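Coordinates in review
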Amino acid sequence: RLRKWQRRIRVSNATERNLAFALSELDRMASALGLPRTVRETAAVVYRKAVDKNLIRGRSIEGVAAAALYAACRQCSVPRTLDEIGEVSRVSRKEIGRTYRFISRELSLKLMPTSPIDYVPRFCSGLNLKGEVQSRGVEILRQASEKELTSGRGPTGVAAAAIYIASILCGERRTQREVADVAGVTEVTIRNRYKELAEELDIEIIL
Amino acid sequence: MSDYNIKIENVVASTKLAEEFDLTKIEAEFEGAEYNKQKFPGLVYRVSDPKAAFLVFTSGKVVCTGAKNVDDVHTVIGNMAQKLNDIGIKTIENPEITVQNIVASADLQAVLNLNAIAIGLGLENIEYEPEQFPGLVYRIDDPKVVVLIFSSGKLVVTGGKSPENCEQGVEVVRQQLDSMGLL
DNA sequence: GCTTTAAAAAGTAAGAT
DNA sequence: ATCTTACTTTTGAAAGC
């Protein structure tokens, strides 16, 4: 009986220690990515649910923490790409994606694919673009979505192209290189997307 | 009318041609054969008769992949057995060949809204992460196949054991999308 | 889980020209 | 800027780490 009690204490200690480690990991990654407190708390909730459902078995704490943070960013509409999460995690992008799919399914998160619109605020601030440009970009994305120009395309690439166009239309031009860098895509992708958007949405780009 | 341009792109099959093989000998006799035990336990051998690739193991088991149809699988495996015999290696007479997987492509001839389809089929039944891959992944239980759905209306059906499975898979998708008014 | 094979879909990426 | 090559996803078997 005393043995059993001690065992419980050990398990409890291990569980608490692991949870503490996971939460510190979430905090460390969230800080590195400059994420607000609400996202960290959401990630903590997701992580705790995963623990309660024993989803950590056979998986690393760091992997589940990274996946929880990735999921939380999406739930809070301030998405980070798997590459961005991977940059502040010891776990590879592939493993984070795999773990995300698993907990997403097991916890029935039912998240819609990331919307390009959710990337606009972050990318625009990174380019020092005003709210007017953001609004323009969002409007372009709404029209793009209606004309089926976003299905199957990378959200960051489409968002980057919309911002590139918006910056020009608002007289605050940013180069493809600048936009590509903040969005984490190549200039070629921005070029391909913006050509398609300009053509299909009948937007005249002069310069 | 009932087509949708279904085309088989690849057939994977397995069989057993002998009780055991000396892969080192086969590698020496078959030009182009690759065998690096520490890299992979099987010997790799490509043929262009009907085009296909073989993975030959010491156990006598063989995997054939890359064939464009089921008949070609039987043809190339028969040719393979003959080549082994020519080299002085006896093989099992009528090997039991099992088709393990068939990959097919198809075209629904319609531009699709993958977000709408994701909701229509149910987020818990699909996987769609455009950040990672442009296709929506839909797993079907009835013919047990996996269908990759693209915004262009093109499809990839894989996991089927027969051409019928692939056709059924395409039909299931067509029907479900049609019933939801997404086609 | 990984290693190796083949193949399609469409997007994105990297290095070369 | 454009071309080529290549990687992302899915599937299945094989023997072994």
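Residues numbered from 1 in each chain as written. Chains lettered and ligands numbered in written order. Predicted model: local features only at pLDDT ≥ 70, side-chain atom pairs only at ≥ 80, totals over all residues. Heavy atoms only, no water.

With that settled, the discussion passes to the overall build of chain A. Secondary structure summary: chain A contains 10 helices and 0 strands in total. The secondary structure elements of chain A, listed N-terminal to C-terminal, are α-α-α-α-α-α-α-α-α-α. Seen through its principal axes, chain A has C-alpha atoms that stretch 80 × 30 × 25 Å. Among the 207 residues that make up chain A, the fraction classed as buried is 47%. Taking the intrachain contacts of chain A between residues at least 6 apart in sequence as the baseline, contacts between residues at least 24 apart amount to 72%. Charge-centre separation for chain A: the mean point of 36 positive side chains lies 13 Å from the mean point of 25 negative side chains. (Helix = DSSP H or I, 4+ residues; strand = E, 2+ residues; numbered from the N terminus. Buried < 20%, exposed > 50% of the residue type's maximum accessible area, 1.4 Å probe, protein only. Contact = heavy atoms within 4.5 Å. Lys, Arg positive; Asp, Glu negative; His and termini not counted. Charge placed at Lys NZ, Arg CZ, Asp CG, Glu CD.)

Before going further, it helps to spend a moment on the pattern of salt bridges. Within this structure, the stated rule accounts for 20 salt bridges over all chains. Between Lys16(B) and Glu19(B) there is a salt bridge, with its nearest N and O atoms 3.3 Å apart. The exposure class assigned to Lys16(B) is partly exposed, which follows from its relative accessible area of 30%. Given a relative accessible area of 60%, Glu19(B) falls into the exposed group. Salt bridges linked by common partners bring Arg101(A), Glu127(B) and Arg139(B) together as one network. (Salt bridge = Lys/Arg side-chain N within 4 Å of Asp/Glu carboxyl O.)

Residues and elements named next belong to chain A. Running from N to C, helix H8 (residues 155-169) and helix H10 (residues 187-200) cross one another at 65°; their axes reach a closest spacing of 8 Å. With respect to each other, H8 and H10 are oriented roughly perpendicular. At the point where H8 passes H10, the crossing takes the right-handed sense. Between H8 and H10, the residues in contact are Gly157, Val158, Ala160, Ala161, Ala162, Tyr164 and Ile165 and Thr189, Ile190, Arg193, Tyr194, Leu197 and Ala198, respectively. (Axes fitted to C-alpha atoms, helices over the stretch in contact; angles between N-to-C directions. Parallel < 35°, antiparallel > 145°, perpendicular 65-115°, else oblique. Left-handed = near helix turned anticlockwise from the far one by under 90°.)

Now for the protein's contact with DNA strand D. Surveying the vicinity of DNA strand D reveals 24 residues, the closest of which are Arg101(A), Val12(B), Pro41(B), Ser59(B) and Asn101(B). Of everything in DNA strand D that lies within 4 Å of the protein, sugar and phosphate atoms constitute 63%. In this structure, a phosphate oxygen belonging to DNA strand D sits 2.4 Å away from a side-chain N or O atom of Ser59(B). The contact in question runs from a phosphate oxygen of DNA strand D to an N or O atom on the side chain of Lys144(B), over 3.5 Å. Among the elements of the structure, H10 of chain A together with strand S4 (61-67), strand S5 (98-107), strand S8 (145-149) and strand S9 (154-160) of chain B are those that each provide at least two residues to the surface near DNA strand D. Classifying every residue of the surface near DNA strand D gives 10 nonpolar, 7 polar and 7 charged. (Near = heavy atom within 4 Å. Polar contact = N/O pair within 3.5 Å; in protein donor to acceptor, adjacent residues only side chain to side chain. Nonpolar A, V, L, I, M, F, W, Y, C, P; charged D, E, K, R; others polar.)

Our next topic: helix H5 (residues 93-106) of chain A. Residue and element names in this part refer to chain A. Compared with an ideal rise of 1.5 Å per residue, which puts 14 residues at 20 Å, H5 spans 20 Å between its outermost C-alpha atoms and is within 8% of the ideal. Of the positions making up H5, those classed as buried are Ile96, Gly97, Thr99, Tyr100, Ile103 and Ser104. Viewed end-on, H5 has its buried residues packed into an arc of 170°, placing them on one side of the element. Seen from the open side of H5, the exposed residues pointing more than 90 degrees away from its buried face are Lys94 and Arg105. Residues of H5 that are buried in the fold lie against helix H2 (37-52), helix H3 (61-75) and helix H4 (82-87). Two residues or fewer after H5 comes Ser108, characterised by a positive phi angle close to 50°. (Expected span 1.5 Å × (residues − 1). Arc of directions from axis to C-beta.)

The next subject is the domain arrangement of chain B. Each assigned domain of chain B is listed with its residue range as follows: domain 1 (11-99) and domain 2 (108-180). On a C-alpha basis, the centres of domain 1 of chain B and domain 2 of chain B stand 34 Å from each other. (Domains from an automatic or database assignment.)

Okay, the interface of chain B and chain A next. Interface size is often expressed as the accessible area that is lost when the parts come together. The interface is formed by 16 residues belonging to chain B together with 19 residues belonging to chain A. Interface of chain B and chain A: buried area, both sides summed, is about 1600 Å²; carbon and sulfur atoms make up 49% of it. Looking only at chain B, the three residues that lose the most surface to chain A are Leu123(B), Glu129(B) and Glu131(B), adding up to 34% of its buried area. The tally of links from chain B across to chain A stands at 2 salt bridges. Across the pair Arg74(A) and Glu129(B) runs a salt bridge, and its minimum N-O distance is 2.7 Å. When the residues that make up the side of chain B that touches chain A are grouped by side-chain class, the tally is 8 nonpolar, 4 polar and 4 charged. (Buried area = accessible area lost by both parts, 1.4 Å probe.)

Below, the discussion takes up the packing of aromatic side chains. For the coordinates displayed, the defined rule picks out 6 aromatic pairs over all chains. Relative to Phe123(A), the ring of Tyr119(A) lies with its centre 5.4 Å away and its plane at 20°, an arrangement referred to as stacked. Accessibility classification places Tyr119(A) together with Phe123(A) in one group, the buried group. Ring centres of Phe30(B) and Tyr45(B) lie 4.9 Å apart, and the angle between their planes is 45°; this geometry places the pair in the tilted category. Of the two residues, Phe30(B) sits in the loop between helix H1 (23-29) and strand S2 (43-47) while Tyr45(B) sits in strand S2, which places them 15 residues apart along the sequence. Each member of the pair, Phe30(B) as well as Tyr45(B), carries the same accessibility label: buried. The ring of Phe102(A) is capped by Arg59(A), whose NZ or CZ atom sits 3.6 Å from the centre of that ring. (Phe/Tyr/Trp six-rings, centres within 6.5 Å; stacked < 30°, edge-to-face > 60°. Lys NZ or Arg CZ within 6 Å of the ring centre and 35° of its normal.)

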